[in-house]
Amino acid sequence: MFTTYRLPGAWRDLTLGSGVNWQSSNYTIANGPNGAERVQQGAYALVSLMARYQFNPRLSLQVNLNNAFDRKYYSQIGYYSHGAWGAPRNVLAMLSYRF
């Protein structure tokens, strides 16, 4: 679930946003050194934050902070009996110009 809010008045060019991605628990049976093992991950939530400044009708700058609390989670488990960690906290900045 995500939402944005454009500030009023003198701050009207600034938009703030936040959101949460949630996943319930999941598991797989993987082949490990001790044979078949249950690999499980509990439910988790990832929080994202965003700010966008509209310089003029054509130019804007947006900054996104993903996984704001640096939650450790598996992005996948069980694919060929492997697990892969999800992305750690990261920042993405985008400068947009519309023709």
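Residues numbered from 1 in each chain as written. Predicted model: local features only at pLDDT ≥ 70, side-chain atom pairs only at ≥ 80, totals over all residues. Heavy atoms only, no water.

K.L.:
Lay out the overall build of the chain with the relevant residues and their values.
P.N.:
Assigned secondary structure in the chain consists of 0 helices and 9 strands. In the chain, the order of α-helices and β-strands from amino to carboxyl end is β-β-β-β-β-β-β-β-β. Taken over the C-alpha trace, the chain has a radius of gyration of 19 Å; the compact-globule value for 99 residues is 13 Å, which it surpasses by more than 25%. In terms of overall dimensions, the chain has C-alpha extents of about 65 × 25 × 20 Å along its principal axes. Sequence separation of at least 24 residues holds for 40% of the intrachain contacts in the chain that already meet a minimum separation of 6. About 7500 Å² of surface is accessible on the chain, with carbon and sulfur atoms providing 57% of the total. (Helix = DSSP H or I, 4+ residues; strand = E, 2+ residues; numbered from the N terminus. Rg over C-alpha atoms; globule rule 2.2 N^0.38 Å. Contact = heavy atoms within 4.5 Å. Areas by Shrake-Rupley, 256 points an atom, 1.4 Å probe, with all protein chains shown as cover.)

K.L.:
Which residues make up a nonpolar patch on the surface, and what values do they have?
P.N.:
Taken together, the side chains of Tyr53, Phe55, Leu61, Val63, Val91 and Leu95 define a hydrophobic patch exposed on the protein surface, amounting to about 560 Å² of accessible area. Only strand E6 (59-66) and strand E9 (90-97) provide two or more residues apiece to the nonpolar patch. Relative to the elements of secondary structure, Val91 occurs in strand E9. (Patch = residues over 30% accessible without salt bridge, like charges linked within 9 Å, V, L, I, M, F, W, Y side chains within 5 Å. Salt bridge = Lys/Arg side-chain N within 4 Å of Asp/Glu carboxyl O.)

K.L.:
Which residues make up the side chain of Ser48, and what are the values?
P.N.:
Within the secondary structure, Ser48 is located in strand E5 (residues 44-54). Setting aside its immediate chain neighbours within four residues, Ser48 contacts Phe2, Gly17, Ser18, Gly19, Leu65, Asn66 and Asn67.

K.L.:
Explain the environment of Pro88 residue by residue, including any values.
P.N.:
Mapped onto the fold, Pro88 is located in the loop between strand E8 (82-85) and E9. In sequence terms Pro88 and Arg38 are 50 residues apart; their C-alpha atoms lie 24 Å from each other. Apart from residues no more than four positions distant in its own chain, Pro88 is found in contact with Asn66, Asn67 and Asp70.

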